Amino acid sequence: MWRMARKHDDVQRLVPALRQADSEAFGILVKTLSAALYRYAYSIVGESNTAQDVVQESFLSIYRSRTKLDLNGSLRTFCFHVATRRALDALRSSTNIAK
């Protein structure tokens, strides 16, 4: 039923299914945005393993908050916002560990 989302509109069409815990729709979201979120996270944290952790934690957070997804808001923007928060958390954590 679902195919890999390629454009913003395609990703946005996943929102109703995600809100209903459709695992196939979530898999498509992960496949569609993983690489872009990884590059983005890496640009913030500067380390590959940490960037991978940020992406994984971001998708976990997105899945947990799926029932609250805004039907009118941009899903892609929301995903990048979550990744930003997770990346900054990782930076703060690594700074605290270094002290």
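Up top is the structure these notes are about.
A brief look at the structure comes next. Bear in mind that the values here come from a model prediction, so they are computed numbers and not experimental data.

1. A short note on the side chain of R86
1) Next: Its place among the elements puts R86 in helix α5 (residues 75-98).
2) Next: When residues no more than four places from it in sequence are discounted, the contact partners of R86 are V54, E57, S58 and S61.

2. Let's talk about helix α4 (residues 48-64)
1) Next: Spanning 17 residues, α4 covers 24 Å between terminal C-alpha atoms, matching the ideal 24 Å at 1.5 Å per step.
2) Next: If you check the start of α4, you find a side-chain oxygen 3.3 Å away from the backbone N of N49, and it comes from E47.

3. A short note on the environment of A35
1) Next: Assignment of secondary structure puts A35 in helix α3 (residues 23-45).
2) Next: Its relative accessible area of 43% is what places A35 among the partly exposed residues.
3) Next: Sequence separation between A35 and V55 is 20 residues, and the spatial gap between their C-alpha atoms is 9.0 Å.

4. Focus on the packing of α3 against α4
1) Next: Between α3 and α4, the least distance of the axes is 8 Å, while the angle of their chain directions is 135°. Comparing the axis directions of α3 and α4 gives the class oblique. For the pair α3 and α4, the crossing hand works out as right-handed. Along the contact surface, α3 presents F26, L29, V30, L33, S34, L37, Y38, A41, Y42 and V45, while α4 presents S48, T50, A51, Q52, V54, V55, F59, I62 and Y63.
2) Next: Here the contact of α3 with α4 is composed, by residue class, of 15 nonpolar, four polar and no charged.

5. Focus on the nonpolar core
The nonpolar side chains of soluble globular proteins are, as a tendency, buried together.
1) Next: Of all hydrophobic cores here, the largest spans 26 residues; its most connected members are L18, L29, L37, F59 and L75.
2) Next: In terms of residue count, the dominant contributor to this core is α3 (nine residues).

6. Observations concerning the environment of A83
1) Next: Summarising the element assignment, A83 is placed in helix α5.
2) Next: By relative accessible area, which is 1% here, A83 ends up buried.
3) Next: Excluding residues that lie within four positions of it along the chain, A83 makes contacts with L37, Y40, V54 and S58.

7. Regarding α3
1) Next: At L33, α3 shows its maximal kink, close to 45°.
2) Next: Taken as a whole, α3 has its buried residues at A25, F26, I28, L29, T32, L33, A36, L37, A41 and V45.
3) Next: Structurally, the start of α3 carries an N-cap: the backbone nitrogen of E24 is 2.9 Å from a side-chain oxygen of D22.
4) Next: G46 sits one or two residues past α3 and shows a positive phi near 70°.

8. Some details on the pattern of salt bridges
1) Next: Following the criterion strictly, the structure yields two salt bridges and no others.
2) Next: For R86, the salt bridge is made with D89, and the minimal N-O distance between the two is 3.4 Å. Of the two residues, R86 and D89 both sit in helix α5, three residues apart, roughly one turn of that helix.
3) Next: Judged by its relative accessible area of 34%, D89 falls in the partly exposed class.
4) Next: Among the ionic pairs, D89 bridges to R92, the shortest N-O distance being 2.8 Å. Of this pair, D89 and R92 both sit in helix α5, three residues apart, which is roughly one turn of that helix.
5) Next: Among the charged side chains, a salt-bridge network with shared partners connects R86, D89 and R92.

What counts, and at which threshold
Residues numbered from 1 in each chain as written. Predicted model: local features only at pLDDT ≥ 70, side-chain atom pairs only at ≥ 80, totals over all residues. Heavy atoms only, no water. Helix = DSSP H or I, 4+ residues; strand = E, 2+ residues; numbered from the N terminus. Contact = heavy atoms within 4.5 Å. Expected span 1.5 Å × (residues − 1). Polar contact = N/O pair within 3.5 Å; in protein donor to acceptor, adjacent residues only side chain to side chain. Buried < 20%, exposed > 50% of the residue type's maximum accessible area, 1.4 Å probe, protein only. Axes fitted to C-alpha atoms, helices over the stretch in contact; angles between N-to-C directions. Parallel < 35°, antiparallel > 145°, perpendicular 65-115°, else oblique. Left-handed = near helix turned anticlockwise from the far one by under 90°. Nonpolar A, V, L, I, M, F, W, Y, C, P; charged D, E, K, R; others polar. Core = buried A, V, L, I, M, F, W, Y, C linked by side-chain atoms within 4.5 Å. Bend = angle between axes of the 7 residues up to and from the residue. Salt bridge = Lys/Arg side-chain N within 4 Å of Asp/Glu carboxyl O.

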